Amino acid sequence: MKMIPYKYLISTLLSCLLLSCFTFSHAAITLPSIFADNMVLQQNAEVTIWGWGKPVENVTVNCSWAKGTKETVVDSQGNWRVTVATPKAGGPFVIRIKGKNEIILNNVMCGEVWLCSGQSNMEWTAVLGINDAKAEIENANYSDIRLFTVNHRSATSPQLNANGYWETCTSESMKNFSAVAYFFARKLHKEMDIPIGVINASWGGTPVEIWMSANRIEADEKLLSASKTFTGIKWGPHKPGRAYNTMIAPLSNFKIAGALWYQGETNTANAHAYTNLLTT
């Protein structure tokens, strides 16, 4: 009997192990970053929950506020989604999502969700300087206010996942979060007495063009001409759609109550076009 060389045997075993790991990983259902512990879902709404998995894999979604289970099957492109009805503001709730693996989302609240976007005025934090910063930071402990930060990313085409994370509002999390978004959330929370979720997708020094779909700009000669005003910005992207593709488009199916926009200074270079840019 011919003996198999020891090195070849080890190499084969490692290959099989890696293949099995890849197969297991590929079969696992996954979620975009916006679905995580401590999140807030829009109250009294039809909310879409989505993710990825292995084609034809069965997926079930169970929300602790509702009876029954939502069921779906991963499509041929590896995508799945379900729609769930959320209750009036409250929580905490638990969401269980199960395929071949199971994902459990804890401390989920239902309330009002707002998207806050723009440039440096929206990105500005308490640490960078606000009135009464020390006292505001020390008193920023609100368990029913949740903060989601979208990390800076850019791409030439729309992406599936906005890289980011949810945090409960504390002195530690608030101080490096958008101050405008925090004070807005605090005002809503105090006036409405319900959970509030704010999503901070902002990037200092950026023009409005990067926050829009490039297709919308390219379809309008005046907007396209105005966008060519920028030839390079050291502190961020300047070409149409680059932040939209990574920081807005991946969130487009996530139900929100509304949006705050705080931007404009960088567009003084083509201010004549700003009205059309903003409405577009």
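Owing to the predicted nature of the structure, the values given are computational and were not obtained by experimental measurement.

### Quick look at the pattern of salt bridges
Oppositely charged side chains may form a pair once their charged atoms are brought near each other. What the rule picks out here adds up to four salt bridges. R96 is the salt-bridge partner of E102, the closest N and O atoms lying 3.6 Å from each other. Take E102: its relative accessible area is 39%, and that puts it in the partly exposed class. A salt bridge links K175 to E172, with the nearest nitrogen and oxygen atoms 3.3 Å apart. Since its relative accessible area comes to 23%, K175 is described here as partly exposed. On the accessibility criterion, E172 (53% relative accessible area) is exposed.

### Brief notes about the pairing of strand β8 (residues 142-150)
Counted residue by residue, β8 has seven buried out of nine residues, so it is predominantly covered. Where β8 meets strand β9 (residues 164-169), six bridges bridge the pair, whose relative direction is antiparallel. From the neighbouring strand, Y142 faces β9, where its bridge partner is C169. Relative to strand β10 (residues 196-202), β8 runs parallel, the two being bridged by five bridges. Each bridged residue has a counterpart across the sheet, and for R146 the counterpart in β10 is G197.

### Let's talk about the layout of surface pockets
There is about 320 Å³ of room inside the largest pocket. Forming the boundary of the largest pocket are 15 residues, of which S117, W211, M212, I248 and W261 lie nearest the centre. Elements represented by at least two residues in the lining of the largest pocket include exactly β7 (102-118), α8 (244-248), β11 (258-262) and α9 (274-279). Among the elements that make up the lining of the largest pocket, the one with the highest residue count is β11 (three residues). Taken together, the residues that form the lining of the largest pocket break down as 11 nonpolar, three polar and one charged.

### A short note on the nonpolar core
Core analysis: the biggest nonpolar cluster contains 43 residues, and F35, L41, I95, I97, I199 and F254 have the highest contact counts within it. For this core, the leading source of residues is β7, giving seven residues. Those residues in contact with L41, other than ones at most four positions away along the chain, are F35, V47, W65, T86, I95, V108, M109, C110, G111, V113 and F254. Grouped together as the second largest cluster of nonpolar side chains are 21 residues, C116, C169, I194 and I196 included.

### Focus: the packing of aromatic side chains
Taken as a whole, this structure holds seven aromatic pairs when the rule is applied. The interplanar angle of 55° and the centroid separation of 5.2 Å between the aromatic rings of F148 and W166 together place this pair among those described as tilted. Pair noted here: F148 is in strand β8 and W166 is in strand β9, with a separation of 18 residues, a long-range link. Members of the aromatic cluster, joined through ring pairs, are F35, W50 and F254.

What counts and what doesn't
Residues numbered from 1 in each chain as written. Predicted model: local features only at pLDDT ≥ 70, side-chain atom pairs only at ≥ 80, totals over all residues. Heavy atoms only, no water. Salt bridge = Lys/Arg side-chain N within 4 Å of Asp/Glu carboxyl O. Buried < 20%, exposed > 50% of the residue type's maximum accessible area, 1.4 Å probe, protein only. Helix = DSSP H or I, 4+ residues; strand = E, 2+ residues; numbered from the N terminus. Pairing = 2+ DSSP bridges. 1 Å grid on protein atoms, 1.4 Å probe; cavity = no way out; pocket = protein on both sides within 12 Å on 5 of 7 lines; lining within 4 Å. Points joined across faces, edges and corners; volume = space filled by probe spheres on them. Nonpolar A, V, L, I, M, F, W, Y, C, P; charged D, E, K, R; others polar. Core = buried A, V, L, I, M, F, W, Y, C linked by side-chain atoms within 4.5 Å. Contact = heavy atoms within 4.5 Å. Phe/Tyr/Trp six-rings, centres within 6.5 Å; stacked < 30°, edge-to-face > 60°.

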